[in-house]
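One-letter residues, chain by chain:
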Amino acid sequence: MMKLSATFAVLAGFIPYALGQAQEWGQCGGIGWTGATTCVSGTTCVVVNSYYSQCQPGTATSTTSTTTTASTTPSSTAGLNTLAKAAGKLYFGSATDNPELSDSAYVTILSNSKEFGQITPGNSMKWDATEPTRGTFTFTNGDVIANLAKTNGQLLRGHNCVWHNQLPSWVSSGSFTAADLTTVIQNHCGTVVGHYKGQVYSWDVVNEPFNDDGTWRSDVFYNTLNTTYVSIALQAARAADPNAKLYINDYNIENSGAKATAMLNLVKQLIADGVPIDGVGFQCHFIVGSVPTSFQTVLEQFTALGLEVAITELDIRMTLPETDALLAQQAKDYQSVVQACMNVEKCVGITIWDYTDKYSWVPSTFSGQGAACPWDSNLTIKPAYNGIVAALS
Ligand code: XIL
């Protein structure tokens, strides 16, 4: 008896504490959970899924569970690409990247051509990946993505030939004469586009040529060749793969303003000069609650020139933690952006910049922000998915 009551006393002593804070590896949240939502010191409450949050070791202070969200039921099971094609678009697609392809659950969804009829390599066709030293080309990783598209019966977007970013230092820090850099661009675009000849629907030949105020971005290309680098790259790409649609791609051109006007003036000049240009890509890296209002009008300004347009890198980020309200607004935002493309006949397709928060570039690029994709980090659809469905249907 003595021993039992001592045990009870010890247990009883712990009961209030146990109700107040969950222990390490204990549950601390989730749909229907009514127990403790804070964790003991040295652990943090991590959302494992909508139904289960767990105290995992990792921080020095106790924390409160982040808001849990209800699971989303798809409003259509047809698939985003099926819906987009039924509505007259060429594709609904996603970016992807080589390291993610070891995740078989991820690949299964990516490869489902009912959801995705097009893929874009997030990194492996960029200059630093394809020509790390002058004249030496590596296509191993790019080929993996190209072959995946082929296996899945998906269109492929080449990304990209000429960009100020992710350049090997022999390019970004090289000192070139204009003639020398012309040869460098011709060789790079010609070789890369030529390698994928016949496999690519469209190429982002030139990426991000402008600053946000509509002036030309200062980089090795502009500083050496002025604006002529654009036509040098486009002509090299056309010669290397006459059937690929050649695009210039940029961000912050989705609303009327100096940058959209600069892009419009550039493509007008290229057309007037007889330079090959087929389309303009609108990256569409947006923020929840502030998607552009004049997007359709801007798209129509470009298609009026006879060009096609595409949404090439759509994601809509939020300041974390995600809440039901933010996810609901995000669904509306996805719907309105996709609707703008739907309303413009020559907006040929929509690509999201990876389909899942698990592999989004956003958290590592924009501090404190994330949850930008239509699938969450458990590869489960979010309300944003149904926002897209509503626009495509
Ligand atoms: C991003 C990739 O997703 C990241 O993995 C990489 O670290 C940086 O580049 N605009 C573009 C894309 O045109 O190439 C960028 O991709 C995202 C912004």
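Everything numeric here is computed off the predicted structure, so don't read it as measured data.

S.K.: Would you explain the packing of helix 11 (residues 295–303) against helix 12 (residues 324–342) in this entry?
M.R.: Axes are the key here: two packed helices are described by the angle between their axes and the distance separating the axes. As a packed pair, helix 11 and helix 12 sit with axes 9 Å apart at the nearest point and diverge in direction by 30 degrees. By the angle class used here, helix 11 and helix 12 are roughly parallel. Helix 12 is crossed by helix 11, and the crossing has right-handed handedness. From helix 11, Phe295, Gln296 and Leu299 reach across to helix 12, where they touch Val337, Ala340 and Cys341. Here the contact of helix 11 with helix 12 is composed, by residue class, of five nonpolar, one polar and no charged.

S.K.: Teacher, can you tell me more about the packing of aromatic side chains here?
M.R.: Where two aromatic rings form a pair, the distance of their centres and the angle of their planes describe that pair. Evaluated as defined, the whole model comprises 20 aromatic pairs. Look at tyrosine 106 and tyrosine 359: their rings are 5.0 Å apart centre to centre, the planes differ by 85 degrees, and that puts the pair in the edge-to-face class. With a gap of 253 residues between them, tyrosine 106 in helix 3 (residues 104–110) and tyrosine 359 in the loop between strand 12 (347–352) and helix 13 (362–365) connect regions that are remote in the sequence. The class for tyrosine 106 is buried, based on a relative accessible area of 0%. You can call tyrosine 359 partly exposed: its relative accessible area is 24%. For the pair phenylalanine 221 and tyrosine 229, a centre-to-centre distance of 5.7 Å together with 35 degrees between the ring planes defines the contact as tilted. By relative accessible area, phenylalanine 221 is classed as buried at 0%. Classification of tyrosine 229 as buried rests on a relative accessible area of 2%. An aromatic cluster of three or more residues is present, and its members are Phe92, Tyr106, Phe116, Tyr355, Tyr359, Trp375 and Tyr385.

S.K.: I tried to follow the side chain of glutamate 115 on my own but got confused; where do I start?
M.R.: Assignment of secondary structure puts glutamate 115 in the loop between helix 3 and strand 5 (118–121). Among buried Asp, Glu, Lys and Arg side chains, glutamate 115 stands out as unpaired, with lysine 114 the closest opposite charge at 7.7 Å. Here the side chain of glutamate 115 touches leucine 80 through a polar contact of 3.0 Å, landing on its backbone nitrogen. Look past the residues within four positions of glutamate 115 in its chain and what remains in contact with it is Gly79, Leu80, Asn81, Phe92, Trp375 and Tyr385.

S.K.: Before we go on, may I ask you to explain the environment of glutamine 335 in this structure?
M.R.: Inspection of the secondary structure assignment puts glutamine 335 in helix 12. It is 7.7 Å that separates the C-alpha atoms of glutamine 335 and alanine 384, two residues lying 49 residues apart in sequence.

S.K.: Looking at this model, I keep getting lost on the pattern of salt bridges. Mind explaining?
M.R.: A side chain of one charge can pair with a side chain of the opposite charge when the charged atoms of the two come close. Within the structure shown, the criterion is met by seven salt bridges. Between aspartate 212 and lysine 259 there is a salt bridge, and its shortest N-O distance comes to 2.9 Å. Remark: lysine 259 occurs in helix 10 (residues 258–272) and aspartate 212 occurs in the loop between strand 7 (202–207) and helix 8 (220–225); sequence separation between them is 47 residues. The class of aspartate 212 is partly exposed, set by a relative accessible area of 47%. Among the residues examined, lysine 259 registers a relative accessible area of 2% and is labelled buried. Taking the shortest distance from any N to any O, the salt bridge between aspartate 250 and lysine 259 comes out at 3.4 Å. As far as burial versus exposure is concerned, aspartate 250 and lysine 259 are alike and both buried. Members of the salt-bridge network, linked through shared partners, are Asp212, Asp250 and Lys259.

S.K.: Sorry, what's going on with the packing of helix 7 (residues 178–195) against helix 9 (residues 228–240) here?
M.R.: Where helix 7 meets helix 9, the closest approach of the two axes is 8 Å, and the angle between their N-to-C directions is 35 degrees. Considering the relative orientation of helix 7 and helix 9, their crossing is right-handed. Contact residues: helix 7 offers Thr182, Ile185, Gln186, Cys189, Gly190, Val193 and Gly194, while helix 9 offers Tyr229, Ile232, Ala233, Ala236, Ala237 and Ala240. Taken together, the residues of the contact of helix 7 with helix 9 sort by class into nine nonpolar, four polar and no charged.

Cut-offs and rules
- Residues numbered from 1 in each chain as written.
- Predicted model: local features only at pLDDT ≥ 70, side-chain atom pairs only at ≥ 80, totals over all residues.
- Heavy atoms only, no water.
- Axes fitted to C-alpha atoms, helices over the stretch in contact; angles between N-to-C directions.
- Helix = DSSP H or I, 4+ residues; strand = E, 2+ residues; numbered from the N terminus.
- Parallel < 35°, antiparallel > 145°, perpendicular 65-115°, else oblique.
- Left-handed = near helix turned anticlockwise from the far one by under 90°.
- Contact = heavy atoms within 4.5 Å.
- Nonpolar A, V, L, I, M, F, W, Y, C, P; charged D, E, K, R; others polar.
- Phe/Tyr/Trp six-rings, centres within 6.5 Å; stacked < 30°, edge-to-face > 60°.
- Buried < 20%, exposed > 50% of the residue type's maximum accessible area, 1.4 Å probe, protein only.
- Lys, Arg positive; Asp, Glu negative; His and termini not counted.
- Salt bridge = Lys/Arg side-chain N within 4 Å of Asp/Glu carboxyl O.
- Polar contact = N/O pair within 3.5 Å; in protein donor to acceptor, adjacent residues only side chain to side chain.

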